[in-house]
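Summary of structural features
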Amino acid sequence: MNIKGTPQQGLFGATAGFFIGFAAVALFGVTAQKLKDVMGMTAVMVGFLVAIPSLSGSLLRIPFAAWVDTTGGRKPLLILLGLSILGMAGLTFTVATLYPDRLTPGMYPLLLLLGALSGCGIATFSVGISQVSYWFPKARQGAALGIYGGVGNLAPGLFTLILPLALAAVGLAGAYLIWLLLLIAGTALYYFTGRNAPYFQLRERGLAPEAAREAAARIGQEIFPSGNMVESLLVSGRIWKTWVLVALYFASFGGFIALTAWLPTYWRSYFGVEAAAAGLLTATYSLLASLVRIGGGALADRLGGERTALLAYGTLAAGALLMTLSHAFGLSLVAEIIMAAGMGVANAAVFKLVPKEVPQAVGGASGWVGGLGAFGGFAIPPILAAFVRSLGQAGYAAGFVTYVFLGLISLALALMLGRSHVRAAVPQPT
């Protein structure tokens with residue numbers, strides 16, 4: 001039977017969909033100060049606002065990624081992008097009609113709701129991860145997923161860089177309108193280029209599961225779903241390694257999302273830089289972490305996921321420690337770059353490990369790991385804001401101790417994974 005697309009085309013389509021959806025991470029980071037000024041928000045309220053897209057984007061990853069095991073990635077990804085368009089349209093309309101004079105503190109819940117809807121696009125990550133995993137053989141997944149995650153992760157950095165310029169040129173409503181139009185264009189691009197792996201195409205044409213599996217295997221597909229959405233979640237949820245990977249991803253990817261949202265506030269409030277400069281500094285972090293992730297996937301193919309994770313989380317902890325101790329602009333910039341490198345490689349390492357550690361249910365495992373792991377993007381900014389509330393100006397630096405602990409805990413968990421394979425390889429006495 002004729003199969004539409006190739007692994008490379010499958011990778012391109014999934015990456016395009018993820019790229020445009022993932023931009024929502026930066027939705028409020030750069031604009032938070034403008035909204036704070038007219039609405040009188042506290043630091044904690046700002047923390048929740050910049051993090052709210054990550055909440056929906058995290059939790060929806062779980063069912064939507066598992067749904068890939070039933071239907072392939074195309075339908076779930078299009079639905080998520082459609083919800084994101086709905087949220088961005090609502091946000092654009094709200095800002096255009098109410099900002100600044102009528103955007104009162106009472107509108108805060110509405111902003112949270114529209115931010116949550118816009119954040120649905122962030123959930124495309126786990127859908128695309130599963131979609132790409134089914135297209136590629138195991139030996140090439142590290143590089144493929146590194147490209148997917150790395151290129152897709154460029155979106156928040158690029159939008160953080162561009163948004164301040166758009167704000168200055170066309171205002172808040174105009175900047176969000178441009179974002180909305182780009183989101184619609186990106187969704188259309190995925191609609192025309194996104195392709196399911198061969199097994200799912202054959203199932204859509206009416207082949208029975210076993211026949212579709214045999215036909216897809218003959219043309220190179222190696223990984224297949226174990227059952228329906230619920231079964232995939234249950235199977236992966238019973239494997240302890242799934243939860244280790246969740247914790248690792250919480251620190252690296254959840255931490256990445258959290259800092260993309262928080263760093264504009266950090267640079268503006270702690271060092272007093274202008275909005276455009278804060279956007280550039282945040283974009284430096286976000287773009288570097290994303291580009292490093294591409295190379296991190298190839299490194300994980302060479303060294304193995306566990307060894308790569310040890311290297312990455314050690315780097316993350318070291319950078320976070322410098323950030324905690326720094327009171328100088330230059331040192332903080334160096335520390336930010338070190339953290340970005342550690343996070344980028346760690347993100348690649350974790351998803352190199354998913355099909356290796358949980359081959360029985362890649363979609364379900366991707367949902368748990370991508371969803372609960374990315375929940376760090378929602379959970380961490382309010383913690384950082386709480387340090388500011390308790391310690392004042394010094395809290396902006398002290399809050400990074402959170403990342404020191406996350407890095408050290410992740411090192412211990414990566415060691416645990418590595419030792420589990422060593423124990424499995426040792427012959428047991430009979």
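Anything mentioned here points back to the structure above.
These numbers come from a predicted model, not from an experiment. Residue positions are given per chain, counted from 1 along the sequence in the order it is written. In keeping with the predicted nature of the model, local features appear solely for residues at pLDDT of at least 70, side-chain atom pairs appear and are counted solely at 80 or more, and the whole-chain, interface and lining totals rest on all residues. Hydrogens and water are ignored here; the side-chain numbers use all heavy atoms of the structure.

**A few points about the layout of surface pockets**
Buriedness for pockets is judged along seven lines, at least five of which must meet protein on both sides within 12 Å for an open set on the 1 Å grid over protein atoms alone, while cavities are sets there where a 1.4 Å probe fits but cannot get out, and lining residues have an atom within 4 Å of a point. Grid points are joined across faces, edges and corners, and a volume is the space filled by probe spheres set on the points. Each pocket or cavity is described by its volume, and for the largest pocket that value is around 160 Å³. Following the grouping adopted for this structure description, the nonpolar residues are Ala, Val, Leu, Ile, Met, Phe, Trp, Tyr, Cys and Pro, the charged ones are Asp, Glu, Lys and Arg, and the polar ones are all others, Gly among them. When grouped by side-chain class, the residues that make up the lining of the largest pocket number no nonpolar, three polar and five charged.

**Points about the pattern of salt bridges**
Salt bridge, as used here: a side-chain nitrogen of Lys or Arg that lies within 4 Å of a carboxyl oxygen of Asp or Glu. With the rule as written, the count across this model stands at three salt bridges. A salt bridge links Glu 357 to Lys 241, with the nearest nitrogen and oxygen atoms 2.9 Å apart. Taken together, the residues span a long stretch of sequence, with Glu 357 in helix α16 (residues 329-357) and Lys 241 in helix α13 (residues 240-271) at a distance of 116 residues. Here Glu 357 falls in the buried class, since its relative accessible area comes to 6%. On the accessibility criterion, Lys 241 (14% relative accessible area) is buried. A salt bridge links Lys 356 to Glu 306, with the shortest nitrogen-to-oxygen separation between them at 3.2 Å. Of the two residues, Lys 356 sits in helix α16 while Glu 306 sits in helix α15 (residues 305-325), which places them 50 residues apart along the sequence. For Lys 356, a relative accessible area of 43% gives the class partly exposed. Elements are defined by DSSP. Helices are runs of H or I of four residues or more, strands are runs of E of two residues or more, and each kind is numbered from the N terminus. When accessible area is computed with a 1.4 Å probe and restricted to protein chains, residues below 20% of their type maximum are described as buried, those above 50% as exposed, and intermediate ones as partly exposed.

**What about helix α12 (residues 229-237)?**
Helical periodicity: at 3.6 residues per turn, an α-helix aligns residues three or four positions apart in one direction. Three or more residues of α12 are buried, namely Ser 232, Leu 233 and Ser 236. End-on, the buried residues of α12 take up no more than an arc of 95°, which puts them together on one face. Those residues of α12 that are buried lie in contact with α4 (61-71), α13 and α17 (362-374). Summarising the geometry, the arc corresponds to the directions from the helix axis toward the C-beta atoms. Residues are treated as being in contact if the distance between any of their heavy atoms lies within 4.5 Å.

**Some points on unusual backbone geometry**
Each neighbour pair has its own omega, and for Tyr 99 with Pro 100 the value is 0°, a cis peptide bond. Within the secondary structure, Pro 100 sits in the loop between α5 (74-98) and α6 (108-118).

**A few points about empty space enclosed by the protein**
One simple way to see leftover space: roll a probe sized like a water molecule over the atoms. One pass over the full model with this rule turns up one cavity of 30 Å³ or more. Size it by volume and the largest cavity reaches roughly 160 Å³. Lining the largest cavity are 16 residues, and of these Ala 32, Gln 33, Val 46, Thr 265 and Ser 269 sit closest to its centre. Listed by contribution, the elements that provide at least two residues to the lining of the largest cavity are α2 (32-39), α3 (43-59), α13 and α14 (275-303). Among the elements that line the lining of the largest cavity, the one with the most residues is α13, at five residues.

**Digging into the packing of helix α9 (residues 154-193) against α14**
At a minimum axis separation of 7 Å, α9 and α14 run at an interaxial angle of 165°. With respect to each other, α9 and α14 are oriented roughly antiparallel. Two packed elements cross with a definite hand, and for α9 against α14 that hand is left-handed. Contact residues: Leu 154, Pro 156, Gly 157, Leu 158, Thr 160, Leu 161 and Pro 164 in α9; Ala 275, Ala 276, Gly 279, Leu 280, Thr 282, Ala 283, Ser 286, Leu 287, Ser 290 and Leu 291 in α14. Fitted lines through C-alpha atoms serve as axes, helices being fitted only where they are in contact, and the angles separating the N-to-C directions of these axes extend from 0 to 180 degrees. Put simply, angles under 35 degrees are roughly parallel, angles over 145 are roughly antiparallel, angles from 65 to 115 are roughly perpendicular, and the rest are oblique. Left-handed describes a crossing in which the near helix is turned anticlockwise from the far one by less than a right angle; the clockwise case is right-handed.

**Thoughts on the side chain of Thr 308**
As for its position among the elements, Thr 308 is in helix α15. By relative accessible area, which is 0% here, Thr 308 ends up buried. Beyond its immediate stretch of four places on either side in the chain, Thr 308 contacts Gly 296, Leu 299, Ala 300, Leu 303, Val 345 and Ala 349.

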